[in-house]
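Listed below are the residues making up each chain.
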Amino acid sequence: GLLQGMRIEVIPNPINFDIFKPLDKEFSRKALNLSLSSKIILFGAVGGVNDQRKGYTLLYESLMHLSDKISNKENIECVFFGQSEQPKEFAPLPFKCTWFGVVNDDVSLSLLYNAADITVVPSRMENLPQICTEAQSCGCPVVAFNTTGISETIEHNKTGYLANAFDTLDLSKAMYTLLFNNDLNKMFSANASERARFLWNGDSIAKKYESIFSSLKE
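Cut-offs and rules
- Residues numbered from 1 in each chain as written.
- Predicted model: local features only at pLDDT ≥ 70, side-chain atom pairs only at ≥ 80, totals over all residues.
- Heavy atoms only, no water.
- Salt bridge = Lys/Arg side-chain N within 4 Å of Asp/Glu carboxyl O.
- Helix = DSSP H or I, 4+ residues; strand = E, 2+ residues; numbered from the N terminus.
- Buried < 20%, exposed > 50% of the residue type's maximum accessible area, 1.4 Å probe, protein only.
- Pairing = 2+ DSSP bridges.
- Contact = heavy atoms within 4.5 Å.
- Axes fitted to C-alpha atoms, helices over the stretch in contact; angles between N-to-C directions.

A.B. asks: Is there a simple way to think about the pattern of salt bridges in this case?
C.D. replies: Two side chains with opposite charge may pair up if their charged atoms get near one another. Per the stated rule, a full pass over the model turns up seven salt bridges. With its nearest N and O atoms 2.9 Å apart, the salt bridge here joins glutamate 126 to lysine 54. Here the residue glutamate 126 occupies a position in the loop between strand S4 (118-121) and helix H4 (130-137), and lysine 54 occupies one in the loop between strand S1 (39-44) and helix H2 (56-69), the gap between them amounting to 72 residues. Residue classification places glutamate 126 among the buried positions, given a relative accessible area of 14%. On the accessibility criterion, lysine 54 (18% relative accessible area) is buried.

As structure tokens, this is what we get:
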């Protein structure tokens, strides 16, 4: 209501493609001491699982649904950053979990994205999240809910999957598909990094600002 009828522009932050770029998955996993053979699901949030907006409870439900579809649970590893340990208010997940704690440098973040098979963003509310843009820049498909600013970062069924808002069963189905359909994962990965370089490069972002400033002078 406050901004009804007013002009609104959305300009993303530029990505440093010298850091956030596709790297060899085996190299990335060795650097982080992660399994070379497991399917890796990545989740990260500033404030860890305590920020309700980031949707850890929804992720937890989705992973439990995913568990029902998988007989060999040892083939899955969940990697978390932003929190250093399993939250005590939740029962342990049925998969191996690695808790990285707070990650303060972009090089380590890039290795995490490159080590993962998918990045999951189960947020209830977001602006235009860096985790979505950075992961895709590294060629990691993103699975998320179709809500708020997230929907502007993912091209549905091309660079990732936008599940029905807060539908944890739909989110788990998307995770399963992208984890175990290797050809689809590779296609999404290539699409994601290509689209990221087109949309989120510094020159493109600068031109958006220039265009707005020019229009305001008129």
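A.B. asks: I tried to follow the pairing of S1 on my own but got confused; where do I start?
C.D. replies: Put simply, side chains in a regular strand alternate between the two faces of the sheet. Counted residue by residue, S1 has six buried out of six residues, so it is predominantly covered. Because side chains alternate across S1, one face comprises the buried residues Lys39, Ile41 and Phe43, and the other comprises Ile40, Leu42 and Gly44, equally buried. Pairing between S1 and strand S2 (residues 76-81): six bridges, direction parallel. Pairing of lysine 39 across the sheet is with isoleucine 76, part of S2. Note: S1 against S4, two bridges, orientation parallel.

A.B. asks: It is not clear to me how the environment of cysteine 132 should be interpreted in this structure. Could you clarify?
C.D. replies: Take cysteine 132: it is sitting in helix H4. The spacing of cysteine 132 and leucine 216 is 84 residues in sequence and 30 Å in space, taken between C-alpha atoms. Setting aside anything within four residues of it in sequence, one finds cysteine 132 in contact with Val121, Val142, Ile150 and Thr153.

A.B. asks: What's the story with the sheet that holds strand S5 (residues 142-145) in this structure? I'm lost.
C.D. replies: Sheets are built from strands paired through backbone hydrogen bonds, the pairs being either parallel or antiparallel. Sheet architecture is open: six strands sit in the order S3-S2-S1-S4-S5-S6, paired in parallel fashion. One side of each edge strand has no neighbouring strand; the edge strands of this open sheet are strand S3 (96-99) and strand S6 (160-163). Strand-to-strand twist in this sheet, taken as the mean axis angle between neighbours without regard to direction, amounts to 20°. Against the sheet, H2 contacts S1, S2, S3, S4 and S5, and its axis sits at roughly 165° relative to S1. On the sheet, helix H3 (residues 106-115) packs against S1, S2 and S4 and is oriented at approximately 160° with respect to S2.

A.B. asks: Any chance you could explain H3 here in plain terms?
C.D. replies: Note on helix geometry: an α-helix contains 3.6 residues per turn, so any two residues three or four positions apart are oriented the same way. Of all ten residues making up H3, seven are buried, and the element is well covered by its neighbours. Considered for burial, the residues of H3 that qualify are Leu109, Ser110, Leu111, Leu112, Tyr113, Asn114 and Ala115. If you follow the buried residues of H3, they end up packed against helix H1 (25-32), S1, S2, S4 and H4.

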